[in-house]
Amino acid sequence: MPKIICKCGEILSYSEIPCKIEYKFISDVDYDEYKGMIDSEVLYTQMKSFLKCIKCNRLWIFWNGYEKNPTEYLEIDKMNK
Ligand SMILES: [Zn+2]
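The rules behind each value
Residues numbered from 1 in each chain as written. Predicted model: local features only at pLDDT ≥ 70, side-chain atom pairs only at ≥ 80, totals over all residues. Heavy atoms only, no water. Patch = residues over 30% accessible without salt bridge, like charges linked within 9 Å, V, L, I, M, F, W, Y side chains within 5 Å. Areas by Shrake-Rupley, 256 points an atom, 1.4 Å probe, with all protein chains shown as cover. Salt bridge = Lys/Arg side-chain N within 4 Å of Asp/Glu carboxyl O. Lys, Arg positive; Asp, Glu negative; His and termini not counted. Charge placed at Lys NZ, Arg CZ, Asp CG, Glu CD. Helix = DSSP H or I, 4+ residues; strand = E, 2+ residues; numbered from the N terminus. Buried < 20%, exposed > 50% of the residue type's maximum accessible area, 1.4 Å probe, protein only. Polar contact = N/O pair within 3.5 Å; in protein donor to acceptor, adjacent residues only side chain to side chain.

Caption draft 1: Structural view of a negative patch on the surface. Residues Asp28, Asp30, Asp32 and Glu33 make up a contiguous surface patch of negative charge. Along the polypeptide, Asp30 turns up in helix α1 (residues 28-31). The exposure class assigned to Asp30 is partly exposed, which follows from its relative accessible area of 37%.

Caption draft 2: Region of the structure containing the environment of Trp63. Summarising the element assignment, Trp63 is placed in the loop between β5 (59-62) and β6 (71-73). What makes Trp63 partly exposed here is its relative accessible area of 35%. For the pair Trp63 and Phe50, spaced 13 residues apart in sequence, the C-alpha to C-alpha distance is 8.3 Å. Polar side-chain contacts of Trp63 include one of 3.0 Å to the side chain of Tyr73.

What follows is the structure, encoded as structure tokens:
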């Protein structure tokens with residue numbers, strides 16, 4: 001079952017479909033390759049994912065797929081606490 005443990009201790013499971021804590025995104029350059037009608041499944045395979053922790057709002061971005069460790073992003077006002 002795919003999951004990571006957030007630094008705040010929350011377990012972020014991303015096996016659910018659809019997943020409430022997972023967000024999809026695509027770069028503007030990659031999206032620009034698409035014209036007209038788009039096959040949503042094809043677009044889906046090109047999108048990257050991030051998880052948003054519901055407890056601390058950290059974002060864990062999978063820049064290079066799920067096989068590589070995600071990069072952590074923390075709200076700036078929480079960095080000094
Ligand atoms: Zn967290």
